[in-house]
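Chain by chain, the residues:
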Amino acid sequence: MSRQANRGTESKKMSSELFTLTYGALVTQLCKDYENDEDVNKQLDKILFSNFLPRGFNIGVRLIEDFLARSNVGRCHDFRETADVIAKVAFKMYLGITPSITNWSPAGDEFSLILENNPLVDFVELPDNHSSLIYSNLLCGVLRGALEMVQMAVEAKFVQDTLKGDGVTEIRMRFIRRIEDNLPAGEE
Amino acid sequence: MADTVLFEFLHTEMVAELWAHDPDPGPGVSAGSRGEEVGATTGQKMSLSVLESMGFRVGQALGERLPRETLAFREELDVLKFLCKDLWVAVFQKQMDSLRTNHQGTYVLQDNSFPLLLPMASGLQYLEEAPKFLAFTCGLLRGALCTLGIESVVTASVAALPVCKFQVLIPKS
């Protein structure tokens, strides 16, 4: 194999792990930041939960623009279409995986994304004192932020997590309401 | 495999998150009378070094995943070239724009359109904010060098966005 070909593969390999490693370093750092304080340590998982959602939200807000610019996907007409686009286009584009969509509620306003493997948790183990940490919670924030920018208020949460010993990772998505835009503040 | 834009967005949020702890440096820093200014500066320095050490961990981990053959560099300059080409392409999808050295352990790596600064501004606006966005990357370089067997000190400077220079100092043993 020529040296050039080797180089390409190395770059790709490094590139694919950069996000995972950076995310891991961030979580580790945030755990460390709070570890000195006994009381805070008990709250740590809750703090990380509440901190990560808005950070993830901000990422989602920017991500949707990137997504719409690159994916040529048109407006989704209902939540089912949205689910398809999220799983088959967005997850594939950004994380290289295609979760499956299951467990639709009868009203069609809730579904589950099942991730056989979660790239965020490659090489990750939760230490005992953080066994309840929702490690990948950033993802929920990203999903909410992105969808809010296309006028959908949703809730996203982890209901199964391979990091906690479950067989798969499952994110439950729930449609709350359509966000009407262009309303001046204070008017309904 | 994560898309590269995810790293850029995450980096922005990371800087914001770590900076958010600034005015109140948090547990582990002793309380006591300190002027708001002094407290802020100490906090900022801590945040910069926190970002740098996170970058260091990631740089080390990236380096560790390289196959052994890659690591057989003949000279120090080859290592720096590797950082400027392969590492930079992997992380920022572009090569470093220039590499200069005095052949005595000092290297200046210049990126004329550093992707983490590009979205911010061009010119002198936000110059004060620039260091926060460089700390992680300095650590990344230092970490990669460390895995490749080289101890270094890496700093960065910006004269005008988005051009920035990374200075790598490798002390002679």
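Residues numbered from 1 in each chain as written. Chains lettered and ligands numbered in written order. Predicted model: local features only at pLDDT ≥ 70, side-chain atom pairs only at ≥ 80, totals over all residues. Heavy atoms only, no water.

As recorded in an unreviewed UniProt entry, chain B goes by Trafficking protein particle complex subunit 6A and comes from Macaca fascicularis.

Going by what an unreviewed UniProt entry lists, chain A is known as Trafficking protein particle complex subunit and is assigned to Pan troglodytes. Per UniProt, chain A has the following entry under Sequence similarities (unreviewed entry): "Belongs to the TRAPP small subunits family. BET3 subfamily." (UniProt positions renumbered as here; feature names shortened; annotations may be inferred.)

Engineer: I'd like a description of the overall build of chain A, backed by residues and values.
Structural biologist: Scanning chain A from terminus to terminus reveals 4 helices and 4 strands. Mapped from its N terminus to its C terminus, chain A presents α and β elements in the order α-α-α-β-β-α-β-β. Counting all 188 residues of chain A, 48% fall into the buried class. Pairs at least 24 apart in sequence give 57% of the contacts found in chain A among residues at least 6 apart. Entry remark: accessible area of chain A is about 9800 Å², with carbon and sulfur atoms responsible for 49%. (Helix = DSSP H or I, 4+ residues; strand = E, 2+ residues; numbered from the N terminus. Buried < 20%, exposed > 50% of the residue type's maximum accessible area, 1.4 Å probe, protein only. Contact = heavy atoms within 4.5 Å. Areas by Shrake-Rupley, 256 points an atom, 1.4 Å probe, with all protein chains shown as cover.)

Engineer: Quick rundown of the side chain of Thr20 of chain A? Include the residues and the values.
Structural biologist: Residue and element names in this part refer to chain A. As for its position among the elements, Thr20 is in helix α1 (residues 3-35). On the basis of relative accessible area, Thr20 is assigned to the buried category, the value being 7%. Sequence-distant contacts of Thr20, that is, excluding residues within four places in its chain, are made with Pro119, Leu120 and Asp122.

Engineer: So what's going on with the sheet that holds strand β3 (residues 152-160) of chain A? Residues and values would help.
Structural biologist: Residues and elements named next belong to chain A. Across the sheet, which stays open at both edges, the 4 strands sit in the order β1-β2-β4-β3 with antiparallel pairing between neighbours. Looking at which strands have only one partner, the edges of the open sheet turn out to be β1 (100-102) and β3. Each strand axis lies, on average, 30 degrees off the axis of its neighbour in the sheet, ignoring direction. Strand direction decides the pairing type here: strand β2 (residues 110-115) and strand β4 (residues 169-178), joined by 6 bridges, are antiparallel. Counterpart to Phe111 in the pairing with β4 is Met173. Across the sheet, helix α4 (residues 137-148) is in contact with β3 and β4; its angle to β3 comes to roughly 165 degrees. (Pairing = 2+ DSSP bridges. Axes fitted to C-alpha atoms, helices over the stretch in contact; angles between N-to-C directions.)

Engineer: Break down the pairing of β4 of chain A for me, citing the residues and quoting the values.
Structural biologist: The side chains of a regular strand alternate, residue by residue, between the two faces of the sheet. Looking at chain direction, β3 of chain A and β4 of chain A are connected through 8 bridges and run antiparallel. By the bridge assignment, Ala156 of chain A is partnered in β4 of chain A with Met173 of chain A.

Engineer: Outline the confidence of the model for chain A, supporting the account with residue identities and numerical values.
Structural biologist: When pLDDT is averaged along chain A, the result is 82, and 74% of the positions lie at 70 or above. Of all secondary-structure elements in chain A, the lowest mean pLDDT belongs to α1 of chain A, at 73, while β1 of chain A reaches the highest, 97. (pLDDT = per-residue confidence, 0-100.)

Engineer: Outline the packing of aromatic side chains, supporting the account with residue identities and numerical values.
Structural biologist: Residue and element names in this part refer to chain B. Using the criterion set out here, one finds 13 aromatic pairs over all chains in the structure. Judged by centre distance (5.4 Å) and plane angle (70 degrees), the ring pair of Phe114 and Phe166 falls under edge-to-face. Taken together, the residues span a long stretch of sequence, with Phe114 in the loop between β2 (106-111) and α4 (132-147) and Phe166 in strand β4 (residues 163-169) at a distance of 52 residues. Each member of the pair, Phe114 as well as Phe166, is classed as buried. (Phe/Tyr/Trp six-rings, centres within 6.5 Å; stacked < 30°, edge-to-face > 60°.)

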